[in-house]
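# Overview (structure and organization)
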Amino acid sequence: MDFLDRTRHEDLAKFYQDARIVVVPSVFEPFGMVALEAMACGRPVVASRTGGLKELVQHGETGYLCQPKDHLDLAQWLMALLADESLRNRMGQTGLARVRSGGFTWDEIAGEMMDIYVEAITNYEVREKPAEASKFIDQVLQQAPPKDEYDWRSLLHDLFDKGGKR
Amino acid sequence: MNAQIFALRSQKELASTIESLIRTYVWQGISMERLEISDDYNEHSGQTEHDRCKLFLRLFKASMVRIDDFAVVVADGRGRWYYMGARREKEPYLLELFQSSMSSVFPAVAVMDRMLILPHTIGDAFERSRAFPWFVKPRDLAGAILADFRNSASVEDAVRQAGEQLKTDIAKLCKRHMRIRRIAKPDFSELGTLLGIPTEYLETQRDQIAALTVDLKYEITSGPVKAGNEAQVTLEVRHEGDVDLGSVSVQVNAPYGVMKSPVRATLEFSGKVAARQIQFNVKPKTVPFCPLEVLFTLDESRPVATPFPIPILLDVEA
């Protein structure tokens with residue numbers, strides 16, 4: 001077992017390529033960059049069925065997904081891959097193809113982000129302030145220190161109703 | 001690993017004898033602290049002595065069965081009274097201790113933050129304690145040994161008992177540590193850090209601790225199963241040791257979705273019975289193996305430790 005120290009980003013590809021399988025046994029993972037990098041290096045990934053890993057790793061295609069914290073589940077898929085070199089190669093190549101076609105380049109990600117902003121601006125609606133909101137604003141203003149009242153009033157009315165009374 | 005000897009100034013010689021006995025029967029390398037208290041302990045005895053008395057009271061109270069909390073007031077016999085530890089908090093009961101009875105309370109020996117030896121006269125030391133029922137717990141229930149400090153044989157026997165109790169308690173803690181951490185061999189480094197005991201002391205107890213594990217062997221006797229199909233598996237558990245195990249709880253775990261729930265069974269290993277079988281159903285997901293894990297649990301009163309989980313590979317064919 002080697003515990004690597006901090007590693008330069010440009011050296012990571014070599015470590016991925018030296019591995020037969022890349023394991024990401026996270027308990028929680030928002031995205032799963034390690035799995036994506038491993039796939040970009042043509043390596044099969046065994047990862048926890050959690051967060052972004054569920055979307056990145058296709059069970060039985062680019063690797064395997066196991067239950068978080070289930071060491072036996074993790075072990076069975078690792079043994080399946082260790083015992084079959086052709087399966088490892090096939091899954092590694094499928095993963096690489098998915099990275100190349102899956103919209104994971106910075107240009108593609110930036111384009112998708114732009115689309116989200118454009119949609120948010122285009123579909124923005126000014127809504128009527130509901131009666132409950134008025135009551136809530138009044139309660140907050142009663143609690144606010146006098147010197148801050150103007151700021152609170154302006155902020156809350158902006159949040160709920162741009163055209164509401166000031 | 002440390003010991004504290006609470007002794008009166010007039011008990012210096014006795015404290016030296018106790019110190020020497022502790023090094024003989026507990027451990028040569030133990031860190032020893034002598035905490036002297038004036039025979040006429042009073043409010044002017046100084047903060048150091050007040051702190052020693054506070055520590056004594058804390059450890060003494062922990063070694064007792066009592067109905068409520070209490071403070072001790074020391075009386076000089078001339079109508080003056082002083083709270084032991086220099087102050088009273090909100091303790092609802094008050095026990096009186098005359099300066100002339102201090103030798104009924106001291107010396108007292110604590111090891112590893114536990115009061116282990118008290119004078120056998122301690123039950124008569126306090127006045128007006130009839131309204132406050134209490135007694136010292138026995139040594140095997142986190143209590144103390146009561147010694148006759150005027151009798152050297154009694155003192156030696158008490159320290160020897162204290163040493164034995166510590167060994168037993170530490171072996172039990174080690175057994176529990178192995179079980180909770182699911183490790184096959186004692187980890188003296190971690191255990192030493194947790195308990196504040198040097199690994200050198202634990203090494204001196206290695207034979208006793210390591211001999212505690214029981215030797216159970218497992219084998220799947222039902223042969224390979226097919227991936228994706230439900231099949232019955234027979235697991236044989238063999239006990240080859242000399243210890244009569246009695247009832248053993250066994251649990252078999254499998255990867256997620258392979259079994260409906262973990263298998264639990266109770267096996268009886270009494271007398272000459274050496275092998276028992278458990279049968280359960282599995283539906284393996286992939287070749288070439290399905291990893292299983294067997295845990296067993298013994299009644300903790302038994303003198304053997306529960307080993308770590310045993311991994312077993314079930315052969316799976318396509």
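Residues numbered from 1 in each chain as written. Chains lettered and ligands numbered in written order. Predicted model: local features only at pLDDT ≥ 70, side-chain atom pairs only at ≥ 80, totals over all residues.

### Digging into the overall build of chain A
Each helix and strand in chain A was counted, giving 8 helices and 3 strands. Considering chain A as a whole, with its 166 residues, one finds that 22% of them fall into the buried category. Across chain A, every contact between residues at least 6 apart in sequence was considered, and the portion connecting residues at least 24 apart equals 42%. (Helix = DSSP H or I, 4+ residues; strand = E, 2+ residues; numbered from the N terminus. Buried ≥ 20, exposed ≤ 12 C-beta atoms within 10 Å, placed from the backbone. Contact = placed C-beta atoms within 7 Å.)

### Considering the overall build of chain B
Helix and strand counts for chain B come out as 6 helices and 18 strands. For chain B, long-range pairs separated by at least 24 residues make up 65% of all intrachain contacts whose partners lie at least 6 apart in sequence.

### A look at the sheet that holds strand 8 (residues 115-119) of chain B
Residue and element names in this part refer to chain B. Sheet architecture is open: 5 strands sit in the order 2-1-7-8-10, paired in mixed fashion. At either margin of the open sheet sits one strand with a lone partner, and together these are strand 2 (31-37) and strand 10 (145-147). Neighbouring strand axes in the sheet, compared pairwise and without regard to direction, differ in orientation by 20° on average. With respect to the sheet, helix 2 (residues 47-62) is in contact with strand 1 (2-8), strand 2, strand 7 (108-111) and strand 8, its orientation differing from that of strand 2 by roughly 110°. (Pairing = 2+ DSSP bridges. Axes fitted to C-alpha atoms, helices over the stretch in contact; angles between N-to-C directions.)

### Side note on unusual backbone geometry
Here the bond from Phe 106 of chain B into Pro 107 of chain B is cis, since omega is 0°, no more than 30 degrees from zero. Here Pro 107 of chain B shows up in the loop between strand 6 (93-98) and strand 7. Of note, the amide linkage connecting Val 287 of chain B to Pro 288 of chain B takes the cis form, showing an omega dihedral of 0°. Among the secondary structure elements, Pro 288 of chain B is positioned in the loop between strand 16 (275-282) and strand 17 (289-298). Phi is positive for Lys 69 of chain A, close to 70°, though the residue is something other than glycine.

### Quick notes on the interface of chain A and chain B
Taken together, the contact between chain A and chain B spans 10 residues of the former and 12 residues of the latter. Among the residues making up the side of chain A that touches chain B, the classes are represented as 6 nonpolar, 2 polar and 2 charged. (Nonpolar A, V, L, I, M, F, W, Y, C, P; charged D, E, K, R; others polar.)

### Description of the sheet that holds strand 18 (residues 310-317) of chain B
Read across the sheet, 5 strands follow the order 12-18-17-14-15 (chain B) without closing on themselves; strand pairing throughout is mixed. The outermost strands of the open sheet, each flanked by one partner alone, are strand 12 (225-226) and strand 15 (263-269) of chain B. Packing against the sheet, helix 4 (residues 71-82) of chain A makes contact with strand 14 (246-253) and strand 17 of chain B, and its axis sits at approximately 150° to strand 17 of chain B.

### A look at the environment of Trp 152 of chain A
Residues and elements named next belong to chain A. Its place among the elements puts Trp 152 in helix 8 (residues 149-160). Here the alpha-carbon distance between Trp 152 and Ile 137, two residues 15 residues apart in the chain, equals 8.7 Å. Sequence-distant contacts of Trp 152, defined by excluding residues within four places in its chain, comprise Val 140, Leu 141 and Ala 144.

### Some details on the environment of Asp 40 of chain B
Of note, Asp 40 of chain B is situated in the loop between strand 2 and helix 2. Asp 40 of chain B sits 32 residues away from Leu 8 of chain B along the chain, and the two C-alpha atoms are 9.1 Å apart.

### Details of the pairing of strand 7 of chain B
Residue and element names in this part refer to chain B. Judged by which residues are buried, strand 7 turns out to be covered on both faces: Ala 108 and Ala 110 on one side and Val 109 and Val 111 on the other are all buried. Where strand 1 meets strand 7, 4 bridges bridge the pair, whose relative direction is antiparallel. Each residue of the ladder has a partner; that of Ala 3, found in strand 7, is Val 111. Between strand 7 and the antiparallel strand that follows it, strand 8, lie 3 residues; Met 112 among them carries a positive phi value of about 50°.

### Topic: the environment of Asn 89 of chain A
All names here are of chain A. Looking at the element boundaries, Asn 89 is found in helix 5 (residues 85-101). By the C-beta count within 10 Å, which is 14 here, Asn 89 ends up partly exposed. Along the primary structure Asn 89 and Ile 21 are separated by 68 residues, whereas in three dimensions their C-alpha atoms are 9.9 Å apart.

### A closer look at helix 2 (residues 33-40) of chain A
All names here are of chain A. Of all the residues in helix 2, the buried ones are Ala 35, Leu 36, Ala 38 and Met 39. Down the axis of helix 2, the buried set is contained in an arc of 160°. They therefore lie on one face. In this structure, the buried side of helix 2 is in contact with helix 1 (12-18), strand 1 (22-24), strand 2 (45-48), helix 3 (53-56) and helix 5. (Arc of directions from axis to C-beta.)

### Here we look at helix 4 of chain A
An ideal rise of 1.5 Å per residue puts 16 Å on 12 residues; helix 4 of chain A measures up with 16 Å between its terminal C-alpha atoms. Residues of helix 4 of chain A that are buried include every one of Asp 73, Leu 74, Ala 75, Gln 76, Trp 77, Ala 80 and Leu 81 of chain A, and no others. (Expected span 1.5 Å × (residues − 1).)

### Concerning the confidence of the model for chain B
All names here are of chain B. For chain B, the average pLDDT comes to 90, and 94% of its residues sit at 70 or higher. Per-element confidence in chain B ranges from a low mean pLDDT of 74 for helix 6 (residues 206-210) to a high of 97 for strand 8. The ipTM assigned to the predicted complex is 0.70, against a pTM of 0.63. (pLDDT = per-residue confidence, 0-100.)

### A few points about the confidence of the model for chain A
Across chain A, the average pLDDT comes to 88, with 93% of residues at 70 or higher. Across residues 162-166 of chain A, where pLDDT falls below 50, the model places 6 contacts with residues more than four positions away in sequence or in other chains.

### Some remarks on the nonpolar core
By size, the foremost hydrophobic cluster in this structure holds 54 residues, and its most contacted members are Ala 108, Val 109, Leu 116, Ile 117 and Ala 162 of chain B. The element contributing the most residues to this core is helix 3 (residues 152-181) of chain B, with 9 residues. With residues near it in sequence (within four places) discarded, Val 109 of chain B still touches Ala 3, Ile 5, Ile 18, Leu 116 and Ile 117 of chain B. Within the second largest apolar cluster, 22 residues are counted, among which are Leu 36, Val 45, Ala 47 and Trp 77 of chain A. (Core = buried A, V, L, I, M, F, W, Y, C linked by C-beta atoms within 7 Å.)

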